[in-house]
Amino acid sequence: MAMAQPLRAIVTRPAGQAAQWVDGLAAQGIPAHSFPLIDIADALGDTQRQALQARAAQMDVCMWVSANAVSYFFKPNQAVDHQNIAGAAINSVVNNATLRHWATGPGTVAALHQQGVAWGQIDAPDARAAQWDSEALWQRVAGRILPGKTVLILRGTDVGTPSASRDWLAEQVRAAGGAVEFAAVYERRKPQFSDEQLAWAQQAAEDGSVWVLSSSQALTHLPVIDGGWQHARCIATHERIAQAARAQGFAVVCTSRPTMEEVVRSIKSMP
């Protein structure tokens, strides 16, 4: 018998992104709680960021793997006058009419537009695509990569765990004759859970709460709890994440497109 509403939803996104989801779910009648499974930190100093901004302006394409990549790339430099030196570097990226910006998800698209990148400069999967991922993005942009085109992939790096970054898109670009560079603009770390948080996770794994999972890497940071996760339920926003959740032992795993509307619908229809 389907539950009309879960006891609560557990938002596992990094702290900086969780509030929007907690508030959005609550507005749809789903009590929500933030339990970040990834800590995000800056990977660049001011001088490194300014140099990277200058390099990005020289590329044909900047590919942004997440909204975090956008936020940390455009983070104001503290050691220089943002309106002059750093501002010029940022403007050379935002106002470069020949520079294309690739994004795999709606959150990244919104983050780019918030920084001043025009909608017409952004390439992303169709809003009706079954998944927002690198494969769907490549379907949109494959024909634009010609020999000699340069792509800068701005992404995160993993601290203390094996890197979860995928190079699939880079392989497609290279196969088409393009050149690829990578730059890590933020770091992903495993959170340090307190005894209180561990006890809370134990309860949330057993009481019917729905864990909303938006990252395969986050699943490697699940806390160790008594009895494992065989009584837990989750929503995964990609099939790869769903596969990782099943490997972790989640009892109920449902997939959903990564939009608030679809996640809400999936939660409310869960068994």
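As the structure is a computational prediction, the values presented were derived from the model and not from experiment.

Undergrad: What am I meant to see in the sheet that holds strand β9 (residues 210-213) here?
TA: Note: strands within a sheet are paired through backbone hydrogen bonds, in either parallel or antiparallel orientation. If you walk across this open sheet you meet the 5 strands as β2-β1-β9-β10-β11, and the pairing is parallel. Strands at the two margins of the open sheet, each flanked by one partner only, are β2 (32-34) and β11 (252-255). Strand-to-strand twist across the sheet, computed as the mean angle between neighbouring axes with direction ignored, equals 25°. Alignment of strand β1 (residues 9-11) against β9, held across 3 bridges, turns out to be parallel. By the bridge assignment, V11 is partnered in β9 with V212. Against the sheet, helix α8 (residues 195-204) makes contact with β1, β2 and β9, and its axis sits at roughly 110° relative to β9, the strand it touches most. In the packing of helix α11 (residues 260-268) onto the sheet, the strands contacted are β1, β9, β10 (233-236) and β11, and the crossing angle to β9 comes to about 150°.

Undergrad: What should I look at first to understand helix α10 (residues 239-248) in this one?
TA: For an α-helix, 3.6 residues make a turn, and residues three or four places apart therefore share a direction. Every buried residue of α10 is listed here: I241, A242 and A245. Each buried residue of α10 lies within a common arc of 100° when the element is viewed along its axis, so the set occupies one face. Structurally, α10 contributes buried residues whose contacts are with β9, α9 (216-219), β10 and β11. Immediately downstream of α10, the backbone of G249 shows phi near 100°, a positive value.

Undergrad: Which parts of the structure should I look at to understand helix α2 (residues 46-56)?
TA: Burial in α2 covers these residues: R49, L52, Q53 and A56. End-on view of α2: buried residues confined to an arc of 105°, all on one side of the axis.

Undergrad: Would you mind going over the environment of N96 with me for this structure?
TA: The topology assignment puts N96 in the loop between α4 (85-94) and β5 (100-103). Look at N96 and you get buried, because its relative accessible area is 16%. As for N96 and P36, which are separated by 60 residues in sequence, their C-alpha atoms are 36 Å apart. Those residues within four positions of N96 in sequence are excluded, and the remaining contacts are A57, N91 and Q121.

Undergrad: Looking at this structure, how should I read the pattern of salt bridges?
TA: Think of it this way: side chains of opposite charge can pair up when their charged atoms draw near. Scanning the model with the defined rule gives 13 salt bridges in all. In this structure, R8 and D207 form a salt bridge, with 3.0 Å as the shortest nitrogen-oxygen distance. Placement of R8 in the segment before β1 and of D207 in the loop between α8 and β9 is noted, with a sequence separation of 199 residues between them. D123 is the partner of R100 in a salt bridge, and the nearest nitrogen-oxygen pair spans 2.9 Å. Taken together, the residues span a long stretch of sequence, with R100 in strand β5 and D123 in strand β6 (residues 122-123) at a distance of 23 residues. The exposure class assigned to R100 is partly exposed, which follows from its relative accessible area of 22%. A relative accessible area of 7% means that D123 is categorised as buried. Among the charged side chains, a salt-bridge network with shared partners connects D42, R49 and K75.

Criteria and cut-off values
Residues numbered from 1 in each chain as written. Predicted model: local features only at pLDDT ≥ 70, side-chain atom pairs only at ≥ 80, totals over all residues. Heavy atoms only, no water. Pairing = 2+ DSSP bridges. Helix = DSSP H or I, 4+ residues; strand = E, 2+ residues; numbered from the N terminus. Axes fitted to C-alpha atoms, helices over the stretch in contact; angles between N-to-C directions. Contact = heavy atoms within 4.5 Å. Buried < 20%, exposed > 50% of the residue type's maximum accessible area, 1.4 Å probe, protein only. Arc of directions from axis to C-beta. Salt bridge = Lys/Arg side-chain N within 4 Å of Asp/Glu carboxyl O.

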